[in-house]
Amino acid sequence: MRRLNFVLLAGLLVSWLPWSVANADVQDVRVWQSPDKTRLVFDLSRPHEHKIFTLSNPDRVVIDLANASMKASLDGLSERSTTIRRLRTGTRNKTDLRIVIDVAEAVDASSFPLAPNDVYNNNRLVVDLEPENQTRVIAPVKKDDSYNDNKRDIIIAIDAGHGGEDPGAIGYGRTKEKYVVLAIAKELERLLKAEYGFTPFMVRTGDYYIGLRERTAKARKANADFFVSIHADAFKIASASGSSVFMLSERGATSEAARWLADKENESDLVGGVSLEDKEDHLAMTLLDLSMTHKRNASVQLGNSILGQMSRVSKLHKKQVEEAAFVVLKAPDIPALLVETGFISNPQEARKLADRSYQKKMARAIFDGVTGYFRIHPPRGTLLAADKGKAPVFNTYVIRRGDTLSEIAVRNGVAIADLRRVNDLKNDRLKIGQTIKIPNS
Ligand SMILES: [Zn+2]
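Residues numbered from 1 in each chain as written. Predicted model: local features only at pLDDT ≥ 70, side-chain atom pairs only at ≥ 80, totals over all residues.

Asks: Quick question: what am I supposed to make of the overall build of the protein here?
Replies: Of the regular secondary structure elements, the protein holds 12 helices and 18 strands. Sequence-distant contacts, at least 24 apart, represent 76% of the contacts inside the protein between residues at least 6 apart. (Helix = DSSP H or I, 4+ residues; strand = E, 2+ residues; numbered from the N terminus. Contact = placed C-beta atoms within 7 Å.)

Next up, the structure:
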């Protein structure tokens, strides 16, 4: 069987323009492997048209670039992929470049161009290879089926920001955000795996890029109860420091920094690479926002719970949950937060963020915040919901500067009278550092 996939990207109309005839160099090639596809990225010296098609017997992908030459080394690239056997090039018609990718199995090949941006000054050509026969396992499985009554775990989707082509913020000492946040995410995964009643779902498991919309789509497919995106960004002012928690706002940002960060984060798809075809119509989804109020309330409470825990290990940039129009938080039906674990642009914080023990402390703080919230508000049908009626469950909270009892009551959805009762409080005065019990509401 001979399959012929033919894609002419730049379009026939523009193919006669002078730039497309002019010579182009392939200056660099990068390979990124994700669980379901291999991505090749070619840096081009100028925008250039190309043709891509697949051939079988043996399976291979062919990319033709008219009037082009290969200036990059292809050494070692095939070892970075489970699909690529070999990469080779040849010259056709004296001036045209042909790139042949020998593949281990039949693949669907797609391609799209990316324009230069802040991170890459080159034009890029992205080629995605997806094995044709792949079985996708998406939904996380319950840890232990010996639980009876069909009660399920609470599923926490952990999204390590950026990845692959998108390094995220590059901080002091060349620390890359994509590595820092993956390390924190993996630690959070480890903690949740070991925790009764919880199952983590990792949106990104390695060094590759996933589109912002696809991240929430993956979380929804995994039936996640909560989505948390982990970041460590840069700000134009190097002295900016502290961790913060953001939720989605459709109306506008709560601060200039929040707007700035959301704009930066939303540029991720341009840097990491998202094909226009992947931009499905998510408009319908946002109109389906029946549970929006619940989602907002849960997001605020979860955010406050995380901020309370993070205040023990780091300075907070803002004491409240901030809001801005982060694309990655646009999953209408589940609470979603973006956690900035610190500013990688700040020399002291960059050092801490790159440090293993600090990463662990950050992961622990997010873990305590998330599990603390869900112990008080377990979703219906979960093990924790079933256990809730059995014994009184208390969450603990350490008083910070500026806390008031009424604000803590509102934040946790409990009556102020209950707070006074379970803590034997004679009045509403609180001491910084004092630990109080938050009753099961
Ligand atoms: Zn980020």
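Asks: In this structure, what is going on with the sheet that holds strand β6 (residues 68-70)? I would like to understand it.
Replies: The strands making up a sheet associate through backbone hydrogen bonding, with each pair oriented either parallel or antiparallel. Taken in spatial order, the 5 strands line up as β6-β2-β3-β10-β9 in an open sheet, and their pairing is mixed. Where the open sheet ends on each side, the last strands, each with one partner, are β6 and β9 (107-114). Here the strands of the sheet are splayed against their neighbours by 25 degrees on average, with no regard to which way each runs. (Pairing = 2+ DSSP bridges. Axes fitted to C-alpha atoms, helices over the stretch in contact; angles between N-to-C directions.)

Asks: Looking at this structure, I do not really get unusual backbone geometry. What am I missing?
Replies: With glycine set apart, most residues show a phi of negative sign, and most peptide bonds adopt trans. Put simply, Asn57 and Pro58 share a cis peptide bond, and its omega is -10 degrees. When you line up the elements, Pro58 lands in the loop between β4 (51-55) and β5 (60-65). Although it is not a glycine, Asn67 adopts a positive phi angle of roughly 50 degrees. Within the secondary structure layout, Asn67 lies in the loop between β5 and β6. Exposure remark for Asn67: the 16 C-beta atoms within 10 Å place this residue in the partly exposed category. We note that Arg174 has phi near 60 degrees; this positive angle belongs to a residue other than glycine. Assignment of secondary structure puts Arg174 in the loop between β11 (154-160) and α2 (177-193). Residue class for Arg174 comes out exposed when judged on the 9 C-beta atoms lying within 10 Å of it. (Buried ≥ 20, exposed ≤ 12 C-beta atoms within 10 Å, placed from the backbone.)

Everything listed is a geometric property; what it means functionally is a separate question.
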